[in-house]
Amino acid sequence: MANVPPIPKRISSIKFGLLSPKEIRKMSSTPIITADTYDDDGFPIDMGLMDTKLGVIDPGLRCKTCSGRAGECPGHFGHIELVAPVVHVGFNKVIRKLLRATCRKCSKILLEPAQKQHFLDQLIGIEEIGHMPDDLINEAYKEASKVKVCPYCNEEQLDIKFEKPTEYLENGEKLTPTEIRDRFENIPDEDIRVIGMDPKNARPEWMILTVLPVPPVTVRPSITLESGQRSEDDLTHKLVDIIRINQRFQENREAGAPQLIIEDLWELLQYHVTTFFDNSVSGIPPARHRSGRPLKTLSQRLKGKEGRFRGSLSGKRVNFSARTVISPDPNLSINEVGVPMPIARTLTMPAVVTPRNIEQLKIYVRNGEDVHPGANYVLRPDGRRIKVTNVNKDDLAEKLEFGWTVERQLKDGDIVLFNRQPSLHKMSIMAHSVKVLPNKTFRLNPAVCPPYNADFDGDEMNMHALQTEESRAEAKILMQVQENILSPRFGGPIIGGIHDHISGLFLLTRYEDHISANDAYDMLRKSDIRELPSPAGYDPDGKPYWTGKQIFSQILPKNLNAQFTAQVCSHCDTCKKEECPNDAYVVIRDGELIKGTIDEAAIGAFKGKVQDRIIKEIGPEAGARFIDNMTMLAVRAIMRTGLSFGIADEDIPKEARIQINEVLGKAEGAVQNLIKSYQNKELEPLPGRTLDETIEMSIMQKLGKARDETGNIADSHMGLENSAVIMARSGARGSILNLTQMAACVGQQAVRGERIRRGYAGRTLPHFEKGDLGSDAHGFVKASYKSGLNPTEYFFHAIGGREGLVDTAVRTSQSGYLQRRLVNALQDLEVQYDLTVRDTRGVLVQFKFGEDGINPTKSDFSKPDTIHRIVRSVVNREVA
Amino acid sequence: MFFIISGGKAIRGKIRPDKFFEYFIFGGKDLTKFSLLDHESVPKHEIMSEGELKSVLSKYSIEKEQLPKIKVQDPVSKEIGAVVGDVVKITRKSQTAGEAEYYRLVIE
C-alpha cells in the first residue's frame, strides 16, 4: 500500500481511426473469392466464406492460421477485393462535408491560407486544454462550404447534393465512388486536420471502400439443423451476395459490357455492401431472407435494447431463476415466499450424496421429475449429467453413490432470493424460505410490500435459487427478510402493518367493547397463542369478556416496555400522557398494552415503534414473529367488525352544507373585494412583490383558507364512526384532505403553484370575460367530488390533474438518473473495521463513518434516543 | 476621487486604480487584510507538526498519500501558508458528532 497509484488502472489513451485498405489486407488471413461455403463432403472450401483460415467452429477441425481447435481459435479476418470502390454508409455525413469543403479540381480546402492557419492554431490550443474541438471544426466547415471559387486554382465550386442512401450529385450529375475517392486522395494532410480528422489514422479516402474485411467465422457461426442441413448466419448470407455481385461485375467489365449494365451492377454492389453494414438505412428496402424476414446485419447486432451493448454487455440473463406475477397471502410468514408448483418442479438445488442424505435423495430420484419433491438431474463425479426420466429413475436411484450430486427440486424451507425491479436499495433483494403452493403466482405477505415497493396490480417479481451451501448460509444470515426489517436509511422498521392491518388493530384496540371467548380465540387462531389471560370482566349474563387491548397484548413479547404517542394524537398544548382523553398515548408495560390505541405509529411500516422496540431489544426473530402474528390478528380483527366505504359515507348534514356554502360565498366576496381594490389601485403590494403577484397571492391564500375551513366543517360532522375518518386518522390510508375534497370542496386547481391562467387571450375559457380575476375563472372548484363538478370546474380539474401526472413521470426518470450517478460514484467506498471509509486504493474518504461512527440501522430513527432509553431503564424513571 | 476613512479621519485624494486596495481602510481596520478563516463557514485549518502527523498516520496505519488531498492553490492553503507535502488538520462542526477532525495532504 506504500505507493498508491492515483487510480487503480489508468487507460493512457484510446485511438479511433479508419481501417486503410493496406491495413485490411495486412490483417487478412486469406482473400475470399468464392461464394460457396462447403464442398460436397461438408468440408470448408479454400478461399470460400468458411475457409478454415478464418477460424474454426466445428469440433475436430484445426484453424489453418493459428492451429487452434474450436474454442481456442479466436477467429481471423479475411478480405474481399471489391472490383469497384463503394461508399461506406456509416460515413455519409463526413463524406458530404468533405466534398463541400474541398475544391473539386485541386482538392485543397476552400479556405484562404491565413484562415486555414488560424483554425489550425486554434485547434492545437483546444487540444492542449483537452476540450472537444467539435464547435471549431463545424465553424471551419461552415466557412469552407460558403466559398464559391477555389482560392488556389480559381475553379468554380458546384453544388453538392446528397441523395439517400449513398448517392452524391454535383449539379445534378452523379459522382461515382471512384471520382470521390480520387478527390479525397489529393487532399493535403494539413487540410484534413482542419476538418477535424487525423491524417495518420483516418485518411478520408478510406471511407470509400476498395477492399472489404470479412469477419471471422466465429462471429457468424453456422448452425446444423436436426435434419443435418446447415443453416448459415445472416452475415454469411450477405457476404455471399457481395461476392456474387462482385464476380458478375468483374466478368461483365472484362467482357466489355455496355456502360448501363456496369452502372446497374455497381449500384447493386453498393446496395449489398450498404446492407451488410446497416440493414435499416432509410431510402432502400432492407435485404430480406427467403422467408421475408429482414436480415440482421452488423449494426442491427449492436443497436437497441436487444443489441450487444444493452442486451449482452450491460444486461445478461441468468439460470436458476423464475419470474411471475405476485399476489398476497397474509397467512405466510414475512420470511416465506409462496412458490407455484410448476416453478418448484423446474428449479433445482444441487445436493451432494452423503451417508446422511442418501436415503432421502434416493426418494427424490425415485419420484422423478413429475412427482413433487423430485429430482431433475443426477451428476456423476466424472462430470456426466444424467436427466432423471420416468424410464431411468428407479435405475438411477439404485445406482446413487456417495459423491454424486442430485439436482433436487425446490421444496419447502429452501432459501431463495426474491427481487423486484427497480432494485434501488438493499431491501429490493431479500432471502425468503420457499413454501410450495398450488396455482401460478408468487405469494408474499403483504407486510413485505413496502421494502420491495410492490403492489398486486400485476407486478411481477424474480426469484433466484441459490446453488451452493455458502451462498445459502450467507443469504440466510444477511439477507433474510427478518434481518432487513430495520432500514439503514432512517433507523426504523421498513416492514410493518399496512392498510387493513392498521385499521384492524385500530378498531380492535380503540374501543372497550366486550369480546367473547369465541371471538377472542377466533382472532388469535392463526397465532401460536392458545390460552387467554383472565377476563376483563363478566357480562350481565355471566359470560366472561376480554378487551381488544388484552387480545393485542397476547402477541407482544412478555418483557416489552414502550411509551409513545399514537398517530391519532391531536398534539394538545400540554400532553396529559397516560390520562390522554383521546386514548392516544400508548403505554406497553411488561408485554401488556395498558393504555393507548394501536395505529400507524405503533405497527405501521416506516413508523412502527413496536416492531422497532422488539427487534432492538429482543431480536429480529421475535420481530418477525410479532409481524407475522400482528398481520394475521389484524386481518381477523378487521373481519370481526368489517370496514367498508360507500358514497353515503361522504354525506354531510344539511346545516353543514349551508355552512360550507356560506364560507365559500364569503371567500368569493373577499376575493371580489380584493379585485376591486386592485382595480382601484388601492391595493398595497407585499414587500418584494409586484402588484400582480400580490393580488394572485392574496387570492390564493383566501381561497386556500376557505377550502381548509370547509374541510373543518365537514370533518366536524364526521366522527370516528366514519370508515374514511378511521383510515385517515389511524394512518391506514388516505388523508383528511382526501375526505374534504370528497365531501366538502375540491379547492383551487393549480399549474406550477399558480392559479390557472393559460387558455385564450386574457381569459381561460370563452365562458368568462376578458380580464376576469375571479375565483371561478381561474380554476377554483367549489364543488365536492360527491356533489359533482360543473363543466368549467371539470376542465380546470383535468388541467391540474394532468400536471400531476406529467410531474411524476418526469420526476421518476430524473431522480432515477440522479440515484444512478450517486451509486456509481459511491459504490466502491467501504466502511472498514476501524470505522474509516476508504476507496479501493485504500485512500481515506472519512476518518470516522458519518463522523460519529454510528450505524444508522441501529440508531433509534437517527435520533440520540438510545442513550435516554438506557438511562431510563437503569434508573427506572424519566430523565431529561 | 475617493473618500477613505482611516482611524476615524477622512482622507481625500486622487488614487491610482492599481493602488486602490492599499488604502481600503475603515474605522481603523484594514479591510484588505481580513483572514479567510474568520468566516464562520470556513472551519479551522492548521498545519500539523511532524509528531502529530506520525501519530495520525499510525492510528489509521496509512501512508501520507492515502490521506484526502487539498491543493496548494486552495485559498485556505495559501492563507495558512501550507506548502506541498504538509498535512492540514481541519476541525469542523459536525451535525452528527459535534466536532470532527479531518486531515488533508497538500498537493500541487
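The rules behind each value
Residues numbered from 1 in each chain as written. Chains lettered and ligands numbered in written order. Predicted model: local features only at pLDDT ≥ 70, side-chain atom pairs only at ≥ 80, totals over all residues. Heavy atoms only, no water. Helix = DSSP H or I, 4+ residues; strand = E, 2+ residues; numbered from the N terminus. Rg over C-alpha atoms; globule rule 2.2 N^0.38 Å. Buried < 20%, exposed > 50% of the residue type's maximum accessible area, 1.4 Å probe, protein only. Contact = heavy atoms within 4.5 Å. Areas by Shrake-Rupley, 256 points an atom, 1.4 Å probe, with all protein chains shown as cover. Buried area = accessible area lost by both parts, 1.4 Å probe. Salt bridge = Lys/Arg side-chain N within 4 Å of Asp/Glu carboxyl O. Disulfide = S-S within 2.5 Å. Core = buried A, V, L, I, M, F, W, Y, C linked by side-chain atoms within 4.5 Å. Pairing = 2+ DSSP bridges. Axes fitted to C-alpha atoms, helices over the stretch in contact; angles between N-to-C directions. Lys, Arg positive; Asp, Glu negative; His and termini not counted. Polar contact = N/O pair within 3.5 Å; in protein donor to acceptor, adjacent residues only side chain to side chain. pLDDT = per-residue confidence, 0-100. Parallel < 35°, antiparallel > 145°, perpendicular 65-115°, else oblique. Nonpolar A, V, L, I, M, F, W, Y, C, P; charged D, E, K, R; others polar.

Engineer: Whenever I open this one, the overall build of chain A confuses me. Can you help?
Structural biologist: For chain A, the helix and strand inventory stands at 27 helices and 31 strands. Against the compact-globule benchmark of 29 Å for 880 residues, chain A has a radius of gyration of 39 Å, which places it well outside the compact range. If one aligns the C-alpha atoms of chain A with their principal axes, the spans along those axes are about 120 × 100 × 60 Å. Every one of the 880 residues in chain A was classed for burial, and the buried ones make up 44%. Within chain A, contacts between residues at least 6 apart in sequence are counted, and of these 66% link residues at least 24 apart. For chain A, the exposed area adds up to about 47,700 Å²; of that, 52% sits on carbon and sulfur atoms.

Engineer: Looking at this structure, how should I read the interface of chain A and chain B?
Structural biologist: By a frequent convention, interface size equals the accessible area lost on bringing the separate parts together. Taken together, the contacts link 16 residues of chain A with 16 residues of chain B. Roughly 1,200 Å² is buried in total at the junction of chain A and chain B, and carbon and sulfur atoms are behind 56% of that figure. Broken down residue by residue, the surface that chain A buries against chain B is led by Leu844, Phe847 and Glu851 of chain A, which jointly contribute 50%. Taken together, the links from chain A to chain B amount to 1 salt bridge. Of the charged contacts in the structure, one is a salt bridge between Glu851 of chain A and Arg92 of chain B, with a shortest N-O distance of 3.8 Å.

Engineer: What's the story with unusual backbone geometry in this structure? I'm lost.
Structural biologist: Glycine aside, residues mostly have negative phi angles, and peptide bonds mostly take the trans form. Residue and element names in this part refer to chain A. Geometrically, the link from Gln421 to Pro422 is a cis peptide bond, its omega value of 0 degrees lying close to zero. For Ser107, which is not glycine, the phi torsion reads 65 degrees and is therefore positive. We note that Phe320 has phi near 55 degrees; this positive angle belongs to a residue other than glycine. Tracing the backbone shows Phe320 in the loop between helix H10 (308-313) and strand E8 (321-328). Since its relative accessible area comes to 32%, Phe320 is described here as partly exposed.

Engineer: Quick question: what am I supposed to make of the state of the cysteines here?
Structural biologist: Chemically, a disulfide is nothing more than a covalent bond linking the sulfur atoms of two cysteines. Enumeration according to the criterion identifies 0 disulfides over all chains in this entry. The cysteine Cys569 of chain A is free of any disulfide, with Cys575 of chain A supplying the nearest cysteine sulfur at 6.0 Å.

Engineer: Honestly, the nonpolar core in this entry has me stumped. Any pointers?
Structural biologist: Generally speaking, soluble globular proteins have nonpolar side chains that are buried together. All names here are of chain A. Counting 78 residues, the largest nonpolar core has Phe552, Ile603, Val610 and Phe626 as the members making the most contacts within it. Looking at this core, the element that brings in the most residues is helix H21 (residues 620-641), giving 9 residues. In this view, Ile603 contacts Gly496, Gly497, His501, Ile502, Leu505, Phe552, Ile598, Gly608, Val610, Gln611, Phe626 and Met630; residues no more than four positions away in its chain are not counted.

Engineer: Help me out: how do you make sense of the sheet that holds strand E6 (residues 69-71) of chain B in this one?
Structural biologist: Sheet strands associate in pairs through backbone hydrogen bonding, adopting either a parallel or an antiparallel arrangement. All names here are of chain B. Here we have 4 strands laid out as an open sheet, ordered E5-E7-E8-E6, and mixed in their pairing. What marks the edges here is a single partner per strand, and that holds for strand E5 (44-47) and E6. Across the sheet, the mean angle from the axis of one strand to that of its neighbour is 35 degrees, orientation sign disregarded. Pairing analysis gives 4 bridges linking E5 to strand E7 (residues 87-94), with the strands arranged antiparallel. Paired with Glu46 across the bridge in E7 is Lys89.

Engineer: In this structure, what is going on with the side chain of Arg443 of chain A? I would like to understand it.
Structural biologist: Residues and elements named next belong to chain A. Relative to the helices and strands, Arg443 is located in strand E16 (residues 442-444). For the buried Arg443, no salt bridge is present, and the opposite-charge side chain at shortest range is Asp329, 5.2 Å distant. Here the side chain of Arg443 touches Pro438 through a polar contact of 2.6 Å, landing on its backbone oxygen. A polar contact is formed between the side chain of Arg443 and the backbone oxygen of Thr441, at a distance of 2.8 Å. Once you skip the residues sitting within four places of it in the chain, Arg443 turns out to touch Ser327, Pro328, Asp329, Leu332, Val337, Gly338, Leu437 and Pro438.

Engineer: Before we go on, may I ask you to explain the pattern of salt bridges in this structure?
Structural biologist: Pairing between side chains becomes possible if they bear opposite charge and their charged atoms approach one another. All names here are of chain A. Scanning the entire structure with this criterion turns up 50 salt bridges over all chains. Here Arg25 makes a salt bridge to Glu81, at a shortest N to O gap of 2.6 Å. Residue Arg25 is located in helix H1 (residues 21-27), and its partner Glu81 is located in strand E1 (residues 78-87); the two are separated by 56 residues in the primary sequence. On the basis of relative accessible area, Arg25 is assigned to the partly exposed category, the value being 37%. The shortest N-O distance in the salt bridge between Glu205 and Arg203 comes to 3.2 Å. Among the charged side chains, a salt-bridge network with shared partners connects Asp612, Arg613, Lys616, Glu617 and Asp860.

Engineer: What exactly am I supposed to notice about the confidence of the model for chain B here?
Structural biologist: For residues with low pLDDT, the predicted coordinates do not support detailed interpretation. Residue-level pLDDT values for chain B average 78, and 69% of them are 70 or greater. Counting interchain partners and residues more than four positions distant, the pLDDT-below-50 stretch residues 1-11 of chain B has 22 contacts.

Engineer: Help me understand the packing of helix H2 (residues 92-101) of chain A against helix H4 (residues 134-146) of chain A, please; the structure alone is not making it clear to me.
Structural biologist: Residue and element names in this part refer to chain A. Contact pair H2 / H4: the axes reach a minimum separation of 8 Å and the direction vectors enclose 45 degrees. Comparing their axes, H4 and H2 come out oblique. From H2, Lys97, Arg100 and Ala101 reach across to H4, where they touch Asn138, Tyr141, Ala144 and Ser145. Looking at the contact of H2 with H4 residue by residue, the class counts come to 3 nonpolar, 2 polar and 2 charged.

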